[in-house]
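# Coordinate analysis (summary)
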Amino acid sequence: MGQVLLTEIQKGVKSALIKRRIISHFIYAGCTTITELSKAVGLSVPTVTKFVDVMLKDGYVNDYGKLETNGGRHPSLYGLNADSGYFVGVAVSINSLKICLINFKGDVLKMTSDIPFSLENTPECLEGICREARSFIDGLDIDREKILNVCMGITGRVNPETGCSYTHLTFTEKPLAEVLTERLGINVCIDNDSRAMAYGEYIMRNDKCARNLIFINVNWGLGMAIIIDGKLYSGMSGFAGEFGHNYGYDNQQICDCGKKGCIETEVSCSALYRKFIERLHNGENSILLKEKSIDEITLDDIISAVKREDVLAIEIVEEIGAKLGRHIGEMMNIFNPEQVIVGGEFSRVGVYLLPPVIASVRRYTLNLMYRDSDISISELKENANAVGSALLARSKFFALD
């Protein structure tokens, strides 16, 4: 009797894993035929047909009609049922929150504008995040029970497997993901913001994204995410990608991590802001001085000045871009990626960013390395973390153990 029960349990587990494999294929490949799906998951056509029929009845999969072909039988296209479930992404940055809702297919249904916020290591800050997330979810015109997972993308050291944050919101005895789950009443997972942004680009990019890429997140700090053969690389403890905390400069500038000379002290939005303000105090001119006092100038103002062709702002952006290109070149020499995507707040400077980056890459990188790699700007821009977090919520919900 015990052996029979064990066999039934094993069959149930195997069936669930096959369903997850099918859903994962639809996530990455979109609508496909039974034949294509059979090849992708390594199962026979009759077996896949049986599982798809069950998932059609359960409402997870839709029949999207016949595929147009040149003669012969027209096979049916199957894909995810958009309304069978929903996922929420919460993007936490130093000074703002952004929240995103996607459906089962990954379509973005709702996105907040930046919510003013200050990331601090306090219970009040955590409650503020929960309050905004609850307000967003309560305002949705969908059944709350259909929200299957929430993912929070947060800056700093994060272990997505344990659900622990080691840089921000570290005061809780329980893993942060567990605390958020209890507060929201919905399963919550967490991940590093750079990985969320990279994953968002990988899934949503208009031209099919490379399966081996590096995403450089130039925000207030400097982060990196690595995708190898279509999978996010997190490292043994979940901390892979702390690009900005490598030693880079003998500048005696203290980094947020407490060490001196980290790369992000020269290559980041905090570096852009610091250098711009320092040079104004040293007597240099900017169009912003006609509008504000030095102490009132914000990062957004500086980025706006770049777009308005402010000479000082552009000069500093180009200096930082050249340094960024040198360090990207180092990563290209190590990883030889198909693609490098530059995102984060710094990418908002637009056309002034890539030329100094590419020029520096060519100067410091092996010829064969940069010749075959594409360097581009994030397509999701300021929405990358929120969209990527929502997509991670979906993929983690169906992750294969």
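What this report covers is the structure whose coordinates are included nearby.

Calculation rules
- In this numbering scheme, every chain counts its residues from 1 along its sequence in written order.
- Note on the predicted model: pLDDT of at least 70 is required for a residue's local features to be given, and 80 or more for side-chain atom pairs to be given and counted; whole-chain, interface and lining totals, by contrast, use all residues.
- Calculated side-chain values reflect all of the structure's heavy atoms, with hydrogen atoms and water omitted.
- Two strands are counted as paired when DSSP detects at least two bridges linking them.
- Going along the chain from the N terminus, every DSSP run of H or I of four or more residues is numbered as a helix, and every run of E of two or more is numbered as a strand.
- Axis lines are fitted through C-alpha atoms, for helices just across the contact stretch, and the angle between N-to-C directions can take any value from 0 to 180 degrees.
- When the centres of two rings from Phe, Tyr and Trp lie within 6.5 Å, Trp using its six-membered ring, the rings pair. Their planes under 30 degrees apart give stacked, over 60 give edge-to-face, and anything left gives tilted.
- Exposure classes here rest on a 1.4 Å probe applied to the protein chains alone. A residue is buried below 20% of its type maximum, exposed above 50%, and partly exposed in between.
- One speaks of a salt bridge when a side-chain nitrogen belonging to Lys or Arg is within 4 Å of a carboxyl oxygen belonging to Asp or Glu.
- Using a grid of 1 Å spacing that covers the protein atoms alone, one calls a set of points a cavity when a 1.4 Å probe fits there but cannot get out, and a pocket when the set is open and has protein on both sides within 12 Å along at least five of seven lines; lining residues are those with an atom within 4 Å of a point.
- Grid points are joined across faces, edges and corners, and a volume is the space filled by probe spheres set on the points.
- One fewer than the residue count of a helix, multiplied by 1.5 Å, yields its expected span.
- Any N or O atom pair separated by 3.5 Å or less is treated as a polar contact, with the protein-specific requirement of one donor-capable and one acceptor-capable atom, and with residues adjacent in sequence counted only for side-chain atom pairs.

As summarised here, the arrangement of the five strands in space is β13-β12-β11-β14-β15, forming an open sheet in which the pairing is mixed. The open sheet has two edge strands with one neighbour each: β13 (231–233) and β15 (374–377). Averaged over all adjacent pairs, the angle separating strand axes in this sheet is 25°, with direction ignored. With four bridges joining them, strand β14 (residues 339–343) and β15 adopt parallel strand pairing. When the bridges of β15 are listed, Q339 appears paired with D374.

Centre distance and the angle of the planes are the two values used to describe a pair of aromatic rings. Using the criterion set out here, one finds nine aromatic pairs in the structure. Between F87 and F398 the ring centres are 6.4 Å apart and the planes differ by 65°, which places this aromatic pair in the edge-to-face class. Of this pair, F87 sits in strand β3 (residues 86–92) while F398 sits in the segment after α12 (384–397), placing them 311 residues apart in sequence. This pair shows no difference in class: F87 is buried, exactly as F398 is. Each ring, one from Y166 and one from F239, has its centre 5.4 Å from the other, and the planes form 80°; the classification is edge-to-face. Of this pair, Y166 sits in the loop between β9 (164–165) and α5 (176–184) while F239 sits in the loop between β13 and α7 (269–281), and the two are 73 residues apart along the sequence. Here the aromatic cluster, defined as three or more aromatic residues joined through ring pairs, consists of Y60, F87, F104, F397 and F398.

Applying the stated criterion to the full structure yields 23 salt bridges. Residues R211 and D229 are paired through a salt bridge, measuring 3.2 Å at the closest nitrogen-oxygen approach. Residue R211 is located in the loop between α6 (193–204) and β11 (213–218), and its partner D229 is located in the loop between β12 (222–228) and β13; the two are separated by 18 residues in the primary sequence. On the basis of relative accessibility, which here comes to 46%, the residue D229 falls in the partly exposed class. The salt bridge partner of E266 is K275, with a shortest N-O separation of 2.7 Å.

Looking now at empty space enclosed by the protein. Taken as a whole and assessed by the stated rule, the structure comprises one cavity of 30 Å³ or more. Here the largest cavity defines a volume of roughly 40 Å³. Lining the largest cavity, in full, are V90, I129, A133, V150, M152, L180, L184 and V188. Those elements giving two or more residues to the lining of the largest cavity turn out to be α4 (123–138), β7 (147–154) and α5.

Another point: α6. The terminal C-alpha atoms of α6, which comprises twelve residues, lie 16 Å apart, in line with the 16 Å expected from a rise of 1.5 Å per residue. Considered for burial, the residues of α6 that qualify are D193, S194, R195, A196, M197, A198, Y199, G200, E201, Y202 and I203. A distance of 2.9 Å separates the backbone nitrogen of S194 from a side-chain oxygen at the start of α6, and that oxygen is part of N192.

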